[in-house]
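So the chains spell out like this:
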Amino acid sequence: MNILILGNDSDAHATHIKDALTQAGAEVDYLDTYLFPRQLRLSWQPDTLVGCLTLPGGRQLNFQDIHSVFWRNFSGVGVAHLKDANQQQVALNDSMSTVRSLMQACPARWINSWQAYQFHKEKPLQLSLAKQIGVTIPATLISNNPEQVREFVQSQKKVIFKPVYGGAHTKLVTEAHLEPNRLDLALSISPITIQEYIPGTNIRSYVIGESVYSAEIRSQALDFREDLESELIPIDLPDSVHQQCLAILKAFMLDWTAIDWRLKPSGEYIFLEANPSPMFRHFERQTGFPITQKLVNLLMY
């Protein structure tokens, strides 16, 4: 059974999954797209749907022989530097188009898919879809309009801001942030996501197929992803939230994910985001949940 891992051996999670799959009897290789087109070779015929991949070591895989692909990290492509800027752009566009085609044309099971990865990058749409399927989300504004940002801040008791694209950069909004010249300058550079601050507890739920594993994350940091000393306490979700986890997985086109919640003192769960390629080794070590085995099962199914 041939399985690929999107990424390379510099990533601890990629090597961990590779080792686990190898021990389970699979033939596992890295698919490091940054080596394309210099060392990684790709051919595909759209009329016959026949394609093949030649890895840097010379191993050749036909598309139909690839059972599954684990999406760990996508590093783009590694086009050689060219003196002509126009030729450089053409080479980059052609290489990226070819790799994107591979990710959608290869019939292997992608965990997770290109479509899921692309959707994850549009965090405002992710929040909107969660709301549409009945999941509670924070009051949120995405904007680069200073007047509307100030109005939103005034409408809430306490607010945070973070990048629209996502990442561990959540901060509380202060009066200094709203100083007119500072705010105008910041919003002329890029828009921001601004949300009501949700008091309560951080909860992370790993959803793998039909399995859901959750833990309370005890941390003093505003964004627990920046706290290396956070404590993880396994919990059981209410059945309604368990079902929401499965609904999010399906709606977001995912096979596995980590969902971040904020649990209010009232007991209400507020959805923050769902990550299509989350880190999990620390979570697994601290909780004992069988995330690695569930991923191996998913990839070898």
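Each remark here, short or long, concerns the structure printed above.
Because the structure is predicted, anything quoted here is derived from the model rather than measured. (Residues numbered from 1 in each chain as written. Predicted model: local features only at pLDDT ≥ 70, side-chain atom pairs only at ≥ 80, totals over all residues. Heavy atoms only, no water.)

A. Highlighting the sheet that holds strand E9 (residues 159–162). What the four strands build is an open sheet, ordered E8-E11-E9-E10; its pairing is antiparallel. Across the chains shown, the open sheet's two edge strands, defined by having one partner strand only, are strand E8 (140–143) and strand E10 (171–172). Direction of pairing for E9 relative to strand E11 (residues 192–196): antiparallel, over a ladder of four bridges. The residue bridging Lys162 from the neighbouring strand is Thr193, located in E11. The strands touched by helix H5 (residues 146–155) within the sheet are E8, E9 and E11, with E8 carrying the most contacts at an inclination of about 165 degrees. (Pairing = 2+ DSSP bridges. Helix = DSSP H or I, 4+ residues; strand = E, 2+ residues; numbered from the N terminus. Contact = heavy atoms within 4.5 Å. Axes fitted to C-alpha atoms, helices over the stretch in contact; angles between N-to-C directions.)

B. Representation of the sheet that holds strand E3 (residues 41–45) in the model. Reading across from one edge, E3-E4-E5 is the order of the three strands in this open sheet, with antiparallel pairing throughout. Bordering the open sheet on either side are E3 and strand E5 (60–62), each of which pairs with just one other strand. Taken over all neighbouring pairs, the strand axes of this sheet differ in orientation by 10 degrees on average, direction set aside. Two strands pair when backbone bridges link them, and E3 and strand E4 (residues 50–54) are joined in this way by five bridges, in the antiparallel orientation. Within the sheet, the bridge partner assigned to Arg41 lies in E4 and is Thr54.

C. Broad picture of the packing of aromatic side chains. The tally for this structure, following the rule as stated, stands at 17 aromatic pairs. Centroid distance Phe74 to Trp114: 5.8 Å. Interplanar angle 85 degrees. Geometry classified as edge-to-face. Within this pair, whereas Phe74 is found in the loop between strand E6 (66–71) and helix H2 (85–105), its partner Trp114 is found in helix H3 (residues 114–120), the two being separated by 40 residues in sequence. Using a relative accessible area of 9% as the deciding quantity, one classes Trp114 as buried. Residues Phe74 and Tyr117 carry aromatic rings whose centres are separated by 6.2 Å and whose planes lie at 85 degrees to one another, so their mutual orientation is edge-to-face. Of this pair, Phe74 sits in the loop between E6 and H2 while Tyr117 sits in helix H3, and the two are 43 residues apart along the sequence. Look at Phe74 and you get buried, because its relative accessible area is 18%. The exposure class of Tyr117 is buried, given its relative accessible area of 18%. By the ring-pair criterion, three or more aromatic residues cluster together here, those being Phe70, Tyr206, Tyr213, Trp256, Phe280, Phe283 and Phe289. Taking NZ or CZ as reference, Lys158 lies 4.6 Å from the ring centre of Tyr197, over its face. (Phe/Tyr/Trp six-rings, centres within 6.5 Å; stacked < 30°, edge-to-face > 60°. Buried < 20%, exposed > 50% of the residue type's maximum accessible area, 1.4 Å probe, protein only. Lys NZ or Arg CZ within 6 Å of the ring centre and 35° of its normal.)

D. Expanded view of the environment of Leu102. As for its placement among the helices and strands, Leu102 is situated in helix H2. Owing to a relative accessible area of 6%, Leu102 belongs among the buried residues under this scheme. In this structure the C-alpha to C-alpha distance between Leu102 and Pro290, which are 188 residues apart in sequence, comes to 31 Å. Ignoring any residue separated from it by four or fewer positions in sequence, one finds Leu102 in contact with Leu31, Leu42, Phe63 and Trp110.

E. Region of interest: the pairing of E11. The buried fraction of E11 is high, at four of five residues. The pairing of E8 with E11 spans four bridges and is antiparallel. Residue pairing in the sheet places Ile142 in a bridge with Thr193 of E11.

F. Spotlight on H2. Across its 21 residues, H2 extends 30 Å between first and last C-alpha, which sits within 8% of the 30 Å expected from 1.5 Å per residue. If you check which residues of H2 are buried, you get Ser95, Met96, Val99, Leu102 and Met103. Axial view of H2: buried residues confined to an arc of 115 degrees, hence all on one face. Contact partners of the buried residues in H2: strand E1 (2–6), strand E2 (27–31), E3, E6, strand E7 (109–111) and H3. (Expected span 1.5 Å × (residues − 1). Arc of directions from axis to C-beta.)

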